[in-house]
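# Fold and geometry: a report
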Amino acid sequence: MLWINKSCCGRSLCGVLLLLLYALAIAQNIGNPYEILGVHRRATLPEIRKAYRQLAKEWHPDKNEDPNAESRFVEIKQAYELLSDTERRQAYDLYGITNEDEHMYKPRHDYSQYARFSNDPFEEFFGAHFRTQDQDITLFHKLSVTARHFENHIMEKSVHTPALVLFYTDWCFDCVRSAAAWRRLVEAMQPLGITMATVHAGHETSLARRVGVHAVPSLTLVIDKQVYIYKEPLASMPKILEFIRWKFPYKLVVNVNDKNVDTFVSDFEDNKVKALIFEERPSIRLRYLITAFYYRERVSFAFVDMTSRDSQNVTSRFKAQRNADNMVLLKEDSESPVATVSTSEIPTQTLRQLIDANRLLTLPRLSSQSVLEAACPVEWRAARRRLCCVALGAQGAALQELRALARNAPDRLRYAYVYSHAQPDFVRALANSSGVDISKMDHRIVVIWRREPSRIQFEWLNATWPTCAKCDQEFSEESVEYRQRLNETKRALDQLIKRLLKPTEVMAYETHVQELLDEAARGAAWRAVVKLCEWAERAAHALRTHHALSVLSVLATVALVVAFGYFMAYLIRIEEESVQKRKEERRRQNGCTKKKSEISPELRLHELRAEKYNALVRLMKPGCRTIVVLLDEQSKVQLITSFHKIAWPYRKNKTLVFAYLSLERNVEWFRRVLQLSLGGGELRINARNCVGTVLALNPHRKYFCIYHAKHPECTKPHKRMNRMTRSLGSLPTDPEAGAFIGFHTEPDSSSDESLDPPVLLQENLLNGLPNWLDRLFEGSTHRYYVNYWPDMTSK
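Residues numbered from 1 in each chain as written. Predicted model: local features only at pLDDT ≥ 70, side-chain atom pairs only at ≥ 80, totals over all residues. Heavy atoms only, no water.

## Things to note about the overall build of the protein chain
- When helices and strands are counted, the protein chain shows 28 helices and 20 strands.
- Counting every position in the protein chain, which comprises 795 residues, the buried fraction comes to 42%.
- Accessible surface computed for the protein chain: about 45300 Å², of which carbon and sulfur atoms make up 51%. (Helix = DSSP H or I, 4+ residues; strand = E, 2+ residues; numbered from the N terminus. Buried < 20%, exposed > 50% of the residue type's maximum accessible area, 1.4 Å probe, protein only. Areas by Shrake-Rupley, 256 points an atom, 1.4 Å probe, with all protein chains shown as cover.)

## Looking at the confidence of the model for the protein chain
- Looking at the protein chain as a whole, its pLDDT mean stands at 80, while 79% of the residues score no less than 70.
- Here residues 100–132 scores under 50 on pLDDT; set against residues more than four positions off or in separate chains, the count is 47 contacts. (pLDDT = per-residue confidence, 0-100. Contact = heavy atoms within 4.5 Å.)

## Concerning the sheet that holds strand β10 (residues 387–392)
- Taken in spatial order, the 5 strands of this open sheet run β11-β10-β12-β13-β14, and their pairing is mixed. Lying at the two open borders of the sheet, with one neighbouring strand each, are β11 (413–418) and β14 (509–512). The sheet shows a mean angle of 30 degrees between the axes of neighbouring strands, direction not considered. (Pairing = 2+ DSSP bridges. Axes fitted to C-alpha atoms, helices over the stretch in contact; angles between N-to-C directions.)

## Considering the state of the cysteines
- What the rule picks out here adds up to 1 disulfide.
- At a sulfur-sulfur separation of 2.2 Å, the disulfide partner of C376 is C388. Of the two residues, C376 is situated in the loop between α17 (369–375) and β10 and C388 in strand β10; the sequence distance between them amounts to 12 residues. C388 carries the same exposure label as C376, and that label is buried. (Disulfide = S-S within 2.5 Å.)

## Considerations on the packing of helix α10 (residues 179–189) against helix α12 (residues 237–246)
- Axis separation between α10 and α12 bottoms out at 11 Å; the angle between their running directions is 50 degrees. Taken together, the axis directions place α10 and α12 in an arrangement best described as oblique. The chirality of how α10 crosses α12 is right-handed. Contact residues: R184, L185 and M189 in α10; M237, I240, L241 and I244 in α12.
- Here the residues of the contact of α10 with α12 are counted per class, giving 6 nonpolar, no polar and 1 charged. (Parallel < 35°, antiparallel > 145°, perpendicular 65-115°, else oblique. Left-handed = near helix turned anticlockwise from the far one by under 90°. Nonpolar A, V, L, I, M, F, W, Y, C, P; charged D, E, K, R; others polar.)

## Section: the sheet that holds strand β8 (residues 325–330)
- A sheet is described by the order of its strands in space; here 5 strands give the open sequence β5-β7-β6-β8-β9, paired in mixed fashion. Edge positions in the open sheet fall to β5 (253–255) and β9 (339–343), since each of these has one partner strand only. Averaged over all pairs of adjacent strands, the angle between strand axes in this sheet comes to 20 degrees, irrespective of strand direction.
- Summarising the sheet, strand β6 (residues 273–279) and strand β7 (residues 299–305) pair through 7 bridges and their orientation is parallel. Bridged to F278 within β7 is V304.
- Together, β7, β8 and β9 form the strand contacts of helix α16 (residues 348–357), whose direction differs from that of β8 by roughly 15 degrees.

## Focus: the environment of W449
- Of note, W449 is situated in strand β12 (residues 444–449).
- Judged by relative accessible area, which is 1%, W449 ranks as buried.
- Residues W449 and E459 lie 10 residues apart in sequence; the distance between their C-alpha atoms is 9.1 Å.
- Residues within four places of W449 in sequence aside, it is in contact with E379, W380, R381, A382, R385, R386, L387, R455, I456, Q457 and M507.
- Looking at W449, its side chain comes within polar contact range of the main-chain oxygen of E379, at 2.7 Å. (Polar contact = N/O pair within 3.5 Å; in protein donor to acceptor, adjacent residues only side chain to side chain.)

## Concerning the pairing of strand β16 (residues 625–631)
- Burial analysis of β16 places 7 of its 7 residues in the buried class, the great majority of the element.
- Residues of β16 alternate between two faces, with R625, I627, V629 and L631 on one and T626, V628 and L630 on the opposite face, all of them buried.
- In this view, the connection linking β16 to its parallel neighbour strand β17 (residues 656–662) by way of helix α24 (residues 636–647) has right-handed handedness.
- The pairing of β16 with strand β18 (residues 694–698) spans 4 bridges and is classified as antiparallel. Looking at the pairing, V628 lines up with L695 of β18. (Right-handed = clockwise from strand over helix to strand, strands pointing away.)

Laid out in C-alpha cells, this is it:
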C-alpha cells in the first residue's frame, strides 16, 4: 500500500504518482489496440503512427476537458506502444497477449560480466595475459542492440542518419582480432554523425538471417532503409571509408566551378537553401557528405575544389580562406551569404547549428508536408499561436514584395507561398470551407494557424495582391497606381496579422487538410532513367579515378575471352567446311552427285504372287515378318496410297517387308490360309468383303495376325479375346465360320458380336491400321497358327 505525505510533496507530485500508478494498472489489461487506435489489423507502421498522433492530440488531458481524458490518453499510449513493437504485435495477433510476459519475451542479455577481466571467457582458456587492450571486446557489448531497436530506431532513422552495425559473437577469434579496428572506427565515425552499433548474431539469429549475415564479424552499413554488407576485413580504414562514400545517393553533392556556379546559386526552384563547401582537395570530406545527407530535404550542397584552376573566381567571390575548410549558406533574397564559417575542419555540431538556424528560405514554398511542418509549426495554445501568411499562385514581383515583408516579420509569423496546381487538395480545402470560388484564388493571401496537425484555422485577406505588367517604367501612370494599391494591400495585411496575433481573436474559418504532396517525388519510370544515368556516370567517374585500373582489367579480360571464343568458333567452322569439301569430292569420284541430306530411305512395296511367294513367305529369315494388304483392281490405287502412308514410319525396320495381294488372282490362297487356321471344314468367303484386310505373316513361326475394319479385335480390342473364343468355338462345318472377322457371304448375314454399322466406305478401311500396328509390335494381337503355308498358284 502506498502512503503519500502531503507535507512532503505538493498536489502536482501526488497527481503525477497517481497517474503513474493508474498507467501501470491499465498496462496490465489493455483492450483491443486496433480498436483503440481505429486502425485495421493490416495497418502499416506509418498508419499506426499517424492515428496515434491524431488521437494523442485530441485526448491530451491539457487540451480535452472530458473527465475520462486521462484514462483514454494512457490507453491510446499503451495501444501505440504495443502495435509499434513488432514482437509484441505479433504475440498479440497470434496469442492475444497484451503485456510483455517474461515467458514470451526473453530479457536482454546481461553483458555486465564481460566488463570485468576476471570473468572473461577467453581468460579462462588462455590465462590473464591473453586479454590486451587491442583484444578487448567490451566495446562490442556496450554498443550491442536488439533486433527491436535495430528495426524501430536504426532502420527508421537511416533516412537521414546512416549507421554502421557490426555483427559479432562471443566465441569468435576473428571478432577478437577485429576489436581494435572497430574501436578506431567508432572513434572516427561517431563524431561525424554516424550511428555506431553492434548486434550479437548468436542472440539475434533472425535479424542476422534477414539482413544476410552468414559469418562473423560482419560490418554492415544501414542507409536510407537499405542494408549493405562490407565483405572485406576491418583492418583497412581507407577501404571502409570508400565503401561508405560510395553508398551515399549519387549527386548528393554537386561539383561547382566558375562555369556553373551562377546556375547553382540562382536556381531556387527546388525550394532549398544553398550550401557551398570549399576545400583544398579534389573530393569532399566524409563529414560534410554525412551532413549533406542529413539535410538533403532542405539544403542543396555543392563542393568547390580550391586547388582547381576553374574555381579561382568562385573562391574569391565568396572570400573563401586558404588552408581551411569553408562553408557558405545562401538564400534566394541576396547574393551575399547569410552565414559563413572557416576552420581547419568544421565540426559536425557547428555545421548543424548553422544549418538549423537557416534551413528554410526567406520565402519558402509549401512543396511538401515537411516544409509545412517547418514553416508553419503546430501550436495549440492561443496565447502563443504561430501564424503563417500564405500567398496562392504568387509569381515574379509579388514574390519579391513578400520576401521583403518576410525579412522583417515578427517571431510568431512566417511568410510562404504555394503553387495552386501543385497542391490542389490544400487549395480545395480552403475554398470549400470558406465558400470562395476556386478559380479566383490566385494572388489571394490567406493567414493560417495550425492548431492541430490536420486541422487549421484561417482567414482571407479581403484584397488580392496587386499585379502590374508595365511597372518597369517608374513614373508611368500604371506604375504609380500599382504602388498605391500595393501599399494599401500591405497595410490591410499588417492590420489583419496584428488582429489575429491577439490571443482572444477567433479566426473566421476552420477546415481539415490532408498531407501536402511531395513535389520533388519522382515516378517509377523517371527513377529508372535516373538510375541508369547514375550507373553510367559512376562508371565514367570510376574510369577517371584509381578504380580505372581494376575496371579496365575486367573489361580487357572479358574482351579477351570473347575474342578467343570467336577465334575458336572461326577455326571450327573452317575445319567443318574443309571436311565437307573432302566428302563432296569423294562422292563425285564415286559417282554420287546427291548430297547425303537429299538421300532418304524408300519404302519398297512388293506384290505377293507365285513368283515371289517363296522369297516373301517360305524362305524368310527368323524374326522377319511380311505385312500384306489385300485389295482388288477397283481399290488398288486408293488402298496402296493409304497403306504406303501408314507404313512409311516403319521403312527403316529391316525385319519388316511390305507387300500387297490381288484378290482377283489369289483369293483361293487366302481362303486356304483362313481354313487352316480355323481347323478345317468348308469355308466360303466373298472376295469383295476381304478388301482392306491386312495380314502380318510370321513365316518362321507359322502364324499370322489379321486386321480388318470389322474384326472384333479392331473394333473393341479390350473384348477381343472373349469374342475370338466364342468365334473359334463355332462348328467347323459351319460355312460362315469366318464371320468372326466380319466376312459375310450374304449382305444380311451378321455375327452376334458385330457392333459396326453394315456400311463401311472404302476410304475408311485402313483408319484403324496404325493402332493395330502398335499392338502388333507390342505383341498384344491375337495369333492364328497354321501347320504349313499353302501353295500359291500362278493363275
